[in-house]
Amino acid sequence: FMKKLNKAKKSGGELLAINELHDRGPTKVKNYGIWLRYQSRTNTHNMYKEFRDVNINGAVSQMYREMAGRHRAHPNTIQIINTATLQASECKR
């Protein structure tokens, strides 16, 4: 994705760290908002989706499954821009 965003090649960068995010209260169901960008067969699309899960990793997994089912988007064409935990009053959908 870096080559599409700006002029950078794989050989010019280095992967420094991969960190998995863990929630403090994994037994409480929360609402998560995910802003993403994905490449369809014709164009690039920005999207906002809301999911309900016990942790952010489960919400991201749901998002990948839904994007594959509804939009036929492969996981390597999806870029997560931002994630947020939402209150019930902040949910749009």
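Here's what I pulled together on the structure shown here. (Residues numbered from 1 in each chain as written. Predicted model: local features only at pLDDT ≥ 70, side-chain atom pairs only at ≥ 80, totals over all residues. Heavy atoms only, no water.)

### Describing the side chain of Lys49
- Relative to the helices and strands, Lys49 is located in strand β2 (residues 44-53).
- Within the local environment of Lys49, its side chain forms a polar contact with the side chain of Glu66, the two groups lying 2.8 Å apart.
- Beyond its immediate stretch of four places on either side in the chain, Lys49 contacts Tyr32, Gly33, Ile34, Glu66, Met67 and His71. (Helix = DSSP H or I, 4+ residues; strand = E, 2+ residues; numbered from the N terminus. Polar contact = N/O pair within 3.5 Å; in protein donor to acceptor, adjacent residues only side chain to side chain. Contact = heavy atoms within 4.5 Å.)

### Brief notes about unusual backbone geometry
- Of note, the phi angle at Arg72 is positive, near 55 degrees, even though the residue is not glycine.
- Within the secondary structure layout, Arg72 lies in the loop between α2 (56-71) and β3 (78-86).

### Observations regarding the sheet that holds β2
- Strand order in the open sheet formed by 3 strands is β2-β1-β3, and the pairing between neighbours is antiparallel. Here the strands that pair on one side only, and so sit at the sheet edges, are β2 and β3. Adjacent strand axes in the sheet meet at a mean angle of 20 degrees when their direction is disregarded.
- The sheet contact formed by strand β1 (residues 30-39) and β3 spans 8 bridges and is antiparallel. If you follow Gly33 over to β3, its bridge partner there is Ala84. (Pairing = 2+ DSSP bridges. Axes fitted to C-alpha atoms, helices over the stretch in contact; angles between N-to-C directions.)

### Details of the pairing of β1
- Counting buried residues in β1 gives 7 out of 10 residues, a clear majority hidden from the surface.
- In the sheet, β1 pairs with β2 via 10 bridges, with the strands oriented antiparallel. Bridging across to β2, Lys30 finds its partner in Asp53.
- From the end of β1 to the start of β2, which pair antiparallel, there are 4 residues. (Buried < 20%, exposed > 50% of the residue type's maximum accessible area, 1.4 Å probe, protein only.)

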